[in-house]
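So you can see what is in the structure, the chains are spelled out below.
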Amino acid sequence: MRSFSPECVPSLFVFFLCFHLLHLSEAQGPTTEGYTCSANDTTTTNPCQAYVYYRAMAPDFLDLASIADLFLVSRPMISKPSNISSPSSPLVQDQALFVPISCSCKSVNSSMAISFANLSYTINKGDTFYQVSSHSYQNLTTYQSVELANPTLVATNLTIGVTAYFPIFCKCPNKTQLQNKVNYLVSYVFQPSDNLSEVASRFGVQAKSIVEVNGNITQPFDTIFIPVTQLPVLSQPIVSPSPPGTKNERKGVITGLAVGLGITGFLLILVVGVVIFGGGLKRRRGTDEEKNLNVYKSGTIDKMAKEMEVSLMADVSDCLDKYRVFGIEELREATNGFGNNCLIEGSVYKGNINGVVYAIKKMKWNACEELKILQKVNHGNLVKLEGFCIDPEDVNCYLVYEYVENGSLNSWLHENQHEKLSWKTRLHIAADVANGLQYIHEHARPQVVHKDIKSGNILLDSNMRAKIANFGLAKSGCNAITMHIVGTQGYIAPEYLTDGMVSTKMDVFSFGVVLLELLTGKEAIDEAGNVLWASAGTILEGSEEEKSRKLKQWMDKEPFLESCSMESVVNVATVAIACLHKDPSKRPSMVDIVYAFCKSDALFFDISYDGSSASPVRAR
């Protein structure tokens, strides 16, 4: 870095003071730690829905699943705003995507507040703050900002499997911008080949509007913010397989023939060798196996992986007598080598072991907390953990769960067009989830906060009864403060977003959103980024006649095709709105909610707990 002589300091001070005064009306530029903001600024929406512009990139981020995992969202949450027809569609290099994030202004120390979306990330082998910031997150943050967000981690000595937090740069529109129809500020990394006119044209805005938000000076790899009324429609390429007879295919055929002939020759030699030396090989087999075991024990395999295995086994030693320890080859065989044909969603695979079907969750050595929590809980409305597997060579851990046949509530409500859930089934599901949450809040010791209650984490068994899944973000104990915000947009409680407050009441809020999904059939957050719960407060205002009219307009039409009690619907809506109170102290506890469900004859008078009654109905 260039240094300045003492004589220059007064002149430089005057220069920067004048520059600041000239550009006082412009947005403040970034420091290396991020984009500063005022946490107490009442003129800016905080928190807000935002988007980042992301480019698909080989080899690690060329599918929606890996990108969704990186940003802690679902594949449909990327495919819909990105104009991609199916969440399972393959991507091509540099394909443009809009990824949703939840942006807010937070104090990072006593003198600084930064505008960012905080994403948790599990450190893998070879990761550095710089590499993950510039490569995986494509300069949407800086390593200096990551160091600021992880004061307890040593940047030059990161432990594989530890959770780090990456603040993704973003901004929320202020009131003036909202009045001018600016609904989003899209985070965009300015490329060396870019110019403002081309970027503005790509987003359908004027270059002047970008300058007003970001100032005149834009450097390559700076994050800038594009003000848009709505997201532009991205023109997506059509990905098709290579046509037959291409050069690569012919080359592959020739290579395959050469390899085949080589293997054939090798096998002929091997057969002769077996005939001659078969007896010797048999006698030496036991000795070779012992030798390989001794090599393993002596530490000639990767030392770090071995140390991690020992560490993890020590952490979960209390679980060893409770859960089955699976072998990695056993899991590979059950899932066809973790093939796409066995992929359920994200990193969860369906596997058949000795005739029993399991759901196998692949993790990056961060399973300790989840295992510790799951060994303390046992309830019919929680997905049961059957066992686990440790694979130090691939730096992976696998959790093996019971397989829940009918998939997620999210898919039934928002993706299944042929069958719709009846009102009775929806009531069953609400009661099941409430009972599961009451158990982890009141009967687990210490109590557990799930932190990611959503329709995608509620699974339905063969009788359409609900089980809560995915304790990957769960926390033992509550009433803590954290700046590391995790969860799913549309379900996150306001006090957690703004203050980092972790309590059981954040699960209650998320449960209220799930109740709204059951009532309305709508998603927790729509394509425009509007959250479902924001429109719920006024539904039950007015006379009984007005309530009934507004509810019928608002809710899913399917329940009204059967004999659906309006009193039952109003009761569920009342519970949902109580759960969504902005003041967490005024939300009911899950004990209150379960009690209200149990005592309300109007709500459950017609529900049989025979599984056959809880069935979907055909769409008419």
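Before reading further, recall that the structure is shown in the block above.
Residues numbered from 1 in each chain as written. Predicted model: local features only at pLDDT ≥ 70, side-chain atom pairs only at ≥ 80, totals over all residues. Heavy atoms only, no water.

Visitor: Any chance you could break down the state of the cysteines for me, citing the residues and the numbers?
Guide: For the coordinates displayed, the defined rule picks out 3 disulfides. One disulfide in the model links Cys37 with Cys105; its S-S distance is 1.9 Å. Given an S-S torsion of about 100°, the disulfide between Cys37 and Cys105 has right-handed geometry. Within this pair, whereas Cys37 is found in the loop between helix H1 (8-22) and strand E1 (48-55), its partner Cys105 is found in strand E2 (residues 96-109), the two being separated by 68 residues in sequence. With relative accessibility at 27%, the residue Cys37 sits in the partly exposed group. One disulfide in the model links Cys103 with Cys170; its S-S distance is 2.1 Å. On the S-S bond that ties Cys103 to Cys170, the torsion sits near 95°, and the link is right-handed. Taken as a pair, Cys103 in strand E2 and Cys170 in the loop between strand E4 (163-169) and helix H6 (175-179) lie far apart in primary sequence, 67 residues in all. The exposure class assigned to Cys170 is buried, which follows from its relative accessible area of 0%. Once the bonded cysteines of the protein chain are numbered in order along the sequence, the disulfide links fall as 1-4, 2-6, 3-5. (Disulfide = S-S within 2.5 Å. Helix = DSSP H or I, 4+ residues; strand = E, 2+ residues; numbered from the N terminus. Buried < 20%, exposed > 50% of the residue type's maximum accessible area, 1.4 Å probe, protein only.)

Visitor: Tell me about the pattern of salt bridges, residues and numbers included.
Guide: According to the stated counting rule, one finds 10 salt bridges in the structure shown. Ionic pairing is found between Glu329 and Arg332, a salt bridge with its closest N-O pair at 2.8 Å. Of this pair, Glu329 and Arg332 both sit in helix H11 (residues 328-334), 3 residues apart, which is roughly one turn of the helix. Relative accessible area serves as the criterion here: at 26%, Arg332 is assigned to the partly exposed category. With its nearest N and O atoms 2.7 Å apart, the salt bridge here joins Glu495 to Arg587. A residue pair is termed long-range when its members are at least 10 positions apart, and Glu495 in helix H15 (residues 494-499) and Arg587 in the loop between helix H18 (566-579) and helix H19 (590-599) qualify at 92 residues. Through salt bridges with shared partners, a single ionic network connects Glu329, Arg332 and Asp391. (Salt bridge = Lys/Arg side-chain N within 4 Å of Asp/Glu carboxyl O.)

Visitor: So what's going on with the side chain of Ser104? Residues and values would help.
Guide: Looking at where Ser104 falls in the secondary structure, it is placed in strand E2. Judged by its relative accessible area of 4%, Ser104 is buried.

Visitor: Just give me the short version of the packing of aromatic side chains, but keep the residues and values in it.
Guide: As enumerated under the stated definition, the model contains 20 aromatic pairs in all. Ring geometry for Tyr121 and Phe166: centres 5.4 Å apart, planes at 70°, overall edge-to-face. You can see Tyr121 sitting in strand E3 (residues 112-122) and its partner Phe166 sitting in strand E4, a full 45 residues away along the chain. Of the residues examined, Tyr121 reaches a relative accessible area of 11% and is grouped as buried. Taken together, a centroid distance of 5.7 Å and an interplanar angle of 90° make the contact between Tyr188 and Phe203 edge-to-face. (Phe/Tyr/Trp six-rings, centres within 6.5 Å; stacked < 30°, edge-to-face > 60°.)

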